[in-house]
Amino acid sequence: MWSTDARPRGVRPGARPGRRLRAFTLLEVLVAMAVLAIALVTLYEGFISTVRINTTTRGLWKAMLYANNELARIERSPPLPVSIQQGDFPPTDPMAGYSWRREVADEQPFPNVTVRKVLLELTWQVAGTPQSYRAQLYVQP
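Analysis parameters
Residues numbered from 1 in each chain as written. Predicted model: local features only at pLDDT ≥ 70, side-chain atom pairs only at ≥ 80, totals over all residues. Heavy atoms only, no water. Helix = DSSP H or I, 4+ residues; strand = E, 2+ residues; numbered from the N terminus. Contact = heavy atoms within 4.5 Å. Areas by Shrake-Rupley, 256 points an atom, 1.4 Å probe, with all protein chains shown as cover. Pairing = 2+ DSSP bridges. Core = buried A, V, L, I, M, F, W, Y, C linked by side-chain atoms within 4.5 Å. Buried < 20%, exposed > 50% of the residue type's maximum accessible area, 1.4 Å probe, protein only. Salt bridge = Lys/Arg side-chain N within 4 Å of Asp/Glu carboxyl O. Axes fitted to C-alpha atoms, helices over the stretch in contact; angles between N-to-C directions.

Engineer: Go over the overall build of the protein with me, naming the residues and quoting the values.
Structural biologist: On a plain count of helices and strands, the protein comes out with one helix and four strands. For the protein, the sequential pattern of α-helices and β-strands runs α-β-β-β-β. Within the protein, counting contacts between residues at least 6 apart in sequence, those at least 24 apart form 39% of the total. Summing over all exposed atoms, the protein offers an accessible surface of approximately 11400 Å²; the carbon and sulfur share of this is 60%.

Now the structure itself:
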């Protein structure tokens, strides 16, 4: 027979016999917090990478759309003279923060065949890193 003072280990005083305390140990709590911290750091790094990629991609898409529109306009207009021009977009322009360079040159891909090459290069900065996009078009001189 059990005496009233002889309780099995883990039983609260005043608890019904056969019920044990259910609680986490300090070690279990520390391990759970370490796993949570690793998971949160991984999620944070993934989020930051996604933001950087989104910013870079947005700038590239903007440059691609501008270059495509500009080259289509050049293709519909009278031929440009051979030249090199460059500049920056004004602060009020939607392309503010970008620089452009347009090079127009004659090329001979085959004997007795001359084409005019229009090279358009856009450059900009993303978080201090220079980015650029180049597009070219061949038209009749």
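Engineer: I'd like to hear about the pairing of strand 2 (residues 99–110), residue by residue, with values.
Structural biologist: Taken together, the six bridges between strand 1 (residues 83–88) and strand 2 define a ladder with antiparallel strand orientation. In the strand pairing of strand 2, D88 is matched with S99. Pairing of strand 2 with strand 3 (residues 113–126) involves 10 bridges; the strand directions are antiparallel. From the neighbouring strand, D106 faces strand 3, where its bridge partner is R116.

Engineer: Just give me the short version of the nonpolar core, but keep the residues and values in it.
Structural biologist: For soluble globular proteins, the rule of thumb is that nonpolar side chains tend to be buried together. One finds L71, I74, Y98, V118, L122, W124 and L137 to be the most contacted residues of the largest nonpolar core, which totals 17 residues. Secondary-structure elements contributing two or more residues to this core are helix 1 (26–76), strand 3 and strand 4 (129–139). At five residues, strand 3 tops the list of elements feeding residues into this core.

Engineer: Explain the pattern of salt bridges to me, using residue names and the numbers behind them.
Structural biologist: A pair can form between side chains of opposite charge whenever their charged atoms are brought close. Following the criterion strictly, the structure yields five salt bridges and no others. We note a salt bridge from E103 to R101, for which the minimum N-O separation is 3.0 Å. Using a relative accessible area of 26% as the deciding quantity, one classes E103 as partly exposed. The residue K117 makes a salt bridge to E107 at a minimum N-O spacing of 3.5 Å. With K117 in strand 3 and E107 in strand 2, the pair connects residues that are 10 residues apart, well separated along the chain. What you see here is one network of salt bridges that share partners, running through E70, R73 and R102.

Engineer: Would you mind going over the sheet that holds strand 1 in detail, with residue names and values included?
Structural biologist: Strands sit in the order 1-2-3-4 across an open sheet of four strands; the sheet is antiparallel. Since the sheet does not close on itself, it has two edges, and those belong to strand 1 and strand 4, each with one partner. Pairs of neighbouring strands in the sheet enclose a mean axial angle of 20°, with direction left out of account.

Function-wise, these values are silent; they only describe arrangement.
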